[in-house]
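Residues per chain are reported as follows:
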Amino acid sequence: MLASAVTHLVKGIVEHPDDVEVAQKSSPRGEVLEVRVNPEDLGRVIGRGGHTVSSLRTVVNALARGERVRVDVVDTDR
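The rules behind each value
- Residues numbered from 1 in each chain as written.
- Predicted model: local features only at pLDDT ≥ 70, side-chain atom pairs only at ≥ 80, totals over all residues.
- Heavy atoms only, no water.
- Core = buried A, V, L, I, M, F, W, Y, C linked by side-chain atoms within 4.5 Å.
- Buried < 20%, exposed > 50% of the residue type's maximum accessible area, 1.4 Å probe, protein only.
- Helix = DSSP H or I, 4+ residues; strand = E, 2+ residues; numbered from the N terminus.
- Contact = heavy atoms within 4.5 Å.
- Pairing = 2+ DSSP bridges.
- Axes fitted to C-alpha atoms, helices over the stretch in contact; angles between N-to-C directions.

1. Examining the nonpolar core
With 17 residues, the main nonpolar core has Val-6, Val-10, Val-22, Leu-33, Val-35 and Val-37 as its most contacted residues. Mapped onto this core, the elements with two or more residues apiece are α1 (2–11), β2 (30–36), α2 (42–46), α3 (51–64) and β3 (69–74). Looking at which element gives the most residues to this core, the answer is α1, with four residues. Those residues in contact with Val-35, other than ones at most four positions away along the chain, are Val-6, Val-10, Glu-21, Val-22, Val-71, Asp-72, Val-73 and Val-74.

Okay, here's the thing in structure tokens:
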């Protein structure tokens, strides 16, 4: 559920929504959601001073209802 919510939110931010990929992985510290976007959209997802990605993390933590979830924006050069 969280991966689909993050996908939906990120697709609304970026210029290339078809390039959005969210991978859900498990780690000893909890779930990790890795967000990959088109390199041109990386700045849009992170935002000035990291405000956009911080807000995204806040929403995900609210949806997680106490579970440990981390959102990582992965910088990929395609």
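Next comes the rest of the account.
2. Considering unusual backbone geometry
Excluding glycine, residues mostly carry a negative phi; peptide bonds, for their part, are mostly trans. Even without glycine at this site, Arg-65 takes up a positive phi of about 50°. Position of Arg-65 among the secondary structure elements: in the loop between α3 and β3. Residue classification places Arg-65 among the exposed residues on the basis of a relative accessible area of 77%.

3. Side note on the sheet that holds β3
Here we have three strands laid out as an open sheet, ordered β1-β2-β3, and mixed in their pairing. With partners counted over all chains shown, the strands left at the sheet margins are β1 (21–27) and β3, one partner each. This sheet shows a mean twist of 25° between the axes of neighbouring strands, independent of strand direction. For β2 and β3, the ladder comprises six bridges, and the chain directions are parallel. When the bridges of β3 are listed, Glu-31 appears paired with Val-69. The sheet strands contacting α1 are β1, β2 and β3, and the helix crosses β2 at an angle near 30°.

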